[in-house]
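Descriptive structure summary
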Amino acid sequence: MSGIDEQLSEREEIEMLLPWYVTGKLDAADTARVETYLQHHPDMRRQLALIAEEQTATIAGNEAIRPRFASADALLARTATPSSVARSWLSGIVDAVKDLFQAPTPGAVRWAAAAAAVIIFVQAMAVGTLLTREGGSYQTASRPGVEAQMAPVAMVAFTDQASVGAIALLLYDQQLRLVDGPLPGGFYSVRFVDQPSPDEQQRRLAAVMSRKDIVKAVLPSR
Amino acid sequence: MQDQTDDRTLITRIAGQDQAALRALLGRHQLRVYRFVLRIVRREAVAEEVTNEVFLEAWRNAGSYEARSSVGTWLLSIAHNRAVSTLRRRREETIDEESAGAIADDGDDPEVVAQKLDKAEAMRRCIAVLSAEHRTIIDLVYYHEKSINEVSEILNIPLNTVKTRMFYARKKLSELLAAAGIDRGWP
């Protein structure tokens, strides 16, 4: 193989790696290989701009697809088991945040949407409570006992890395509900869905605090 | 990384027949899977059904998920197999360069498209008229941001084939753009 052939071969190999270099999906060795080549062949840098154009157009083409999915209930009916029925109230929560996860937007935009999703989440929780725990009948918040049950038990701050799905699952696992927020310091008020004993409350809050990947801080509010 | 951990937690719960976890998985991945499938099968109703089948298969096989790849990659792998086999079963023609223009561009030829649209839109349309094979790999790399290894797993092709297929997909795209009057100076 001549020197020119070798040079062309190396050039083609680098060209083949460039799409992954631009998307940040090359391993360290190939990344170093590409960067070394680019240093010695600056003309190749023009390819990076072309690839960025291609990626922008590809993302636009995909994001132009905006389906309105039918309810997931039909799909879930094909998977139904008796034990899963009891947990179906969570579906309202996840539906509320579903659009957030469906939007393949950069992290900053996703978190801007998260604030709105949390509001929807709180509303869904409140409505869900009335519908599922009160047999669907209408109740006012002044009904005896409701105020005490609605009182927040803690203030929770979530980590920047926590996804809304992870937060929803954690709250579900510990039978907690967001009732207010975000408050100063990034805290959210939470209360229990049920009326656990004081010991059980402590156990659940400890479980929440133990999730350092999701929870930044927990402050008891009563 | 956190999302991957959360996804794997969901799969574990799905293996335990937790419907709420399946709903959460749908919330995270349904749109991307649907888009991936639709760009292969080209029919919305078919894409919706194939997408449902993907998540049903995930529900049934969650227990055998071995976490060698991300959940997203695993789902796209299932989706690719399902979409391709659906195409074969239905004996539908995939869109190729010869037939796509009339469908994708509202009757306009590439040159007219280039005159009417800006460069970005022209490129988007040219991507849409690539062969399914080329469009799929471009989607996987640019939109789904999959690595060479992940694309290899999803399409079940060797690593070198991933690289050459992507290379030729890009070349074909440049040729289509050139035919539409947009010279990118490459290849």
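Residues numbered from 1 in each chain as written. Chains lettered and ligands numbered in written order. Predicted model: local features only at pLDDT ≥ 70, side-chain atom pairs only at ≥ 80, totals over all residues. Heavy atoms only, no water.

Re the overall build of chain A
Each helix and strand counted, chain A has 10 helices and 4 strands in total. Burial statistics for chain A: of 222 residues in total, 39% are counted as buried. Element-wise, carbon and sulfur atoms account for 58% of the exposed surface of chain A, whose accessible area totals about 11,800 Å². (Helix = DSSP H or I, 4+ residues; strand = E, 2+ residues; numbered from the N terminus. Buried < 20%, exposed > 50% of the residue type's maximum accessible area, 1.4 Å probe, protein only. Areas by Shrake-Rupley, 256 points an atom, 1.4 Å probe, with all protein chains shown as cover.)

What to know about the sheet that holds strand β4 (residues 215-220) of chain A
Residues and elements named next belong to chain A. Overall, antiparallel pairing links the 4 strands, which are arranged β2-β3-β1-β4 in an open sheet. In this open sheet, the two edge strands, each paired with only one partner strand, are β2 (176-183) and β4. Put simply, the sheet's adjacent strands are angled 25 degrees from each other on average, direction ignored. Note that β2 and strand β3 (residues 187-192) share 5 bridges and pair antiparallel. In the sheet register, Leu176 faces β3, and the bridge partner there is Phe192. With respect to the sheet, helix α10 (residues 198-209) is in contact with β1 (154-158), β2, β3 and β4, its orientation differing from that of β4 by roughly 155 degrees. (Pairing = 2+ DSSP bridges. Axes fitted to C-alpha atoms, helices over the stretch in contact; angles between N-to-C directions. Contact = heavy atoms within 4.5 Å.)

Comments concerning the nonpolar core
All names here are of chain B. In terms of nonpolar packing, the biggest core is built from 74 residues, with Leu25 and Leu75 touching the most fellow members. Looking at which element gives the most residues to this core, the answer is helix α2 (residues 19-41), with 13 residues. Not counting residues within four places of it along the chain, the set of residues in contact with Leu25 comprises Asp7, Leu10, Ile11, Ile14, Gln30, Phe55, Val71 and Leu75. (Core = buried A, V, L, I, M, F, W, Y, C linked by side-chain atoms within 4.5 Å.)

Focus on the pattern of salt bridges
Evaluated as defined, the whole model comprises 21 salt bridges over all chains. Ionic pairing is found between Glu175 of chain B and Lys172 of chain B, a salt bridge with its closest N-O pair at 3.7 Å. Remark: Lys172 of chain B and Glu175 of chain B occur in helix α10 (residues 159-179); sequence separation between them is 3 residues, near one turn of the helix. Accessibility expressed as a relative area gives 25% for Lys172 of chain B, which makes it partly exposed. One network of salt bridges, in which partners are shared, links Glu10, Glu13, Asp30 and Arg33 of chain A. (Salt bridge = Lys/Arg side-chain N within 4 Å of Asp/Glu carboxyl O.)

Some points on the interface of chain B and chain A
Facing the 52 residues of chain B at the interface are 55 residues of chain A. For the pair chain B and chain A, the two sides together bury roughly 5,200 Å², of which 61% comes from carbon and sulfur. Linking chain B to chain A there are 3 salt bridges. Of the charged contacts in the structure, one is a salt bridge between Glu54 of chain A and Arg184 of chain B, with a shortest N-O distance of 2.8 Å. Our count for the contact surface shared by chain B and chain A stands at 15 residue pairs in polar contact (both at pLDDT 80 or more). Secondary structure elements with two or more residues in the side of chain B that touches chain A: α1 (2-15), α2, α3 (44-61), α7 (119-128), α8 (132-143) and α10 of chain B. Looking at the side of chain B that touches chain A, the element that brings in the most residues is α2 of chain B, giving 15 residues. Here the side of chain B that touches chain A is built from residues that sort into 24 nonpolar, 9 polar and 19 charged. (Buried area = accessible area lost by both parts, 1.4 Å probe. Polar contact = N/O pair within 3.5 Å; in protein donor to acceptor, adjacent residues only side chain to side chain. Nonpolar A, V, L, I, M, F, W, Y, C, P; charged D, E, K, R; others polar.)

Describing the confidence of the model for chain A
Residues and elements named next belong to chain A. Summarising the model, chain A shows a mean pLDDT of 71, and 61% of its residues fall at 70 or more. Helix α5 (residues 82-85) is the least confidently modelled element of chain A, averaging 44 in pLDDT, while helix α2 (residues 28-40) averages 95, the highest of any element. Confidence over residues 1-7 falls short of pLDDT 50; this stretch has 2 contacts with residues more than four positions distant or in other chains. When the criterion is pLDDT under 50, residues 126-148 qualifies, and its contacts beyond four places in sequence or with other chains add up to 17 contacts. (pLDDT = per-residue confidence, 0-100.)

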